[in-house]
Amino acid sequence: MRELEHSHRPEDIRHRLESGRRTSYLRDAILGGIDGCVTTFAVVASVAGAGLPGLIAFSLGLSSLIADGFSMGVSNYQGVKSDRDAVEQARATENSHIREVPDGEREEIRQIFARKGFEGEVLEEIVETISADESLWVETMLREEHGLDLEGAEPLRAALWTFGAFVIVGAIPLLPFMLPLVGVDVAFAVSSVLTAITFFGIGFVKGVILGDGHWRAGIETLFMGGGAAVIAYLVGGIFEPMMTEMGLAISG
């Protein structure tokens, strides 16, 4: 029999429930890492596709890495904060409803748990127990009626995880262009290999952490990120004349 993730001894269950749910920032890190790698490689691929010097690829990639990483971190902060604000707004609304129309709110609790299969005296005991504790009453309404997550991520931590992963992972495609003696073609080839390995690695690690299909997750992420990289390279080729003129103007 496969080993279970958690112990089901009463004391272990009690300790786990009292400790509360641990907030995971895996989503924020994966989102930042993939987007950082795609964004930076898109710049590198565009510049390489236009046949410009490696210094331009590195400069544009670095500036894009910092600016876009900060922008994405701020966006994630605002998104997570909006979720938290929605919870607090719904909490204030439910508090107001409980004080103004308590019978109506009790009926909502009654119907919510009736839909779960409870009935008769058991159902009425549930209604009385929940409505006897205003805090429990409000949290039950938030979860059951509004479907809200009351233990969501902290906005600042989510933003830092996104920004950190964006910058760290996004810097990988730039590494070959830091070597002055390496030609653009060689640097781009090495960057492509490193980027492909990074895409696969992100998906693989995600699969390992989640405990499900790490090889499949790695290949899936590789194909998705690789597709974005190919598109970026083709776009670079389309705009090659304009990019070339810009490069000549800078070098001149």
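Residues numbered from 1 in each chain as written. Predicted model: local features only at pLDDT ≥ 70, side-chain atom pairs only at ≥ 80, totals over all residues. Heavy atoms only, no water.

As annotated in an unreviewed UniProt entry, the protein chain carries the name VIT1/CCC1 transporter family protein and comes from Spiribacter roseus. Turning to the protein chain, the UniProt record has this under Subcellular location (unreviewed entry): "Endomembrane system". (UniProt positions renumbered as here; feature names shortened; annotations may be inferred.)

Novice: Which parts of the structure should I look at to understand the packing of aromatic side chains?
Specialist: Two measures describe an aromatic ring pair: the distance that separates the ring centres and the angle between the ring planes. Evaluated as defined, the whole model comprises 6 aromatic pairs. Ring centres of Phe-204 and Trp-215 lie 5.1 Å apart, and the angle between their planes is 75°; this geometry places the pair in the edge-to-face category. Within this pair, whereas Phe-204 is found in helix α8 (residues 184–210), its partner Trp-215 is found in helix α9 (residues 214–238), the two being separated by 11 residues in sequence. (Phe/Tyr/Trp six-rings, centres within 6.5 Å; stacked < 30°, edge-to-face > 60°. Helix = DSSP H or I, 4+ residues; strand = E, 2+ residues; numbered from the N terminus.)

Novice: Which parts of the structure should I look at to understand the environment of Cys-37?
Specialist: Examined against the element boundaries, Cys-37 turns out to sit in helix α2 (residues 26–49). Since its relative accessible area comes to 0%, Cys-37 is described here as buried. In the structure, Cys-37 is positioned 162 residues away from Phe-199 in sequence and 7.8 Å away in space, judged by C-alpha atoms. Residues within four places of Cys-37 in sequence aside, it is in contact with Val-169, Gly-170, Pro-173, Thr-195, Thr-198 and Phe-199. (Buried < 20%, exposed > 50% of the residue type's maximum accessible area, 1.4 Å probe, protein only. Contact = heavy atoms within 4.5 Å.)

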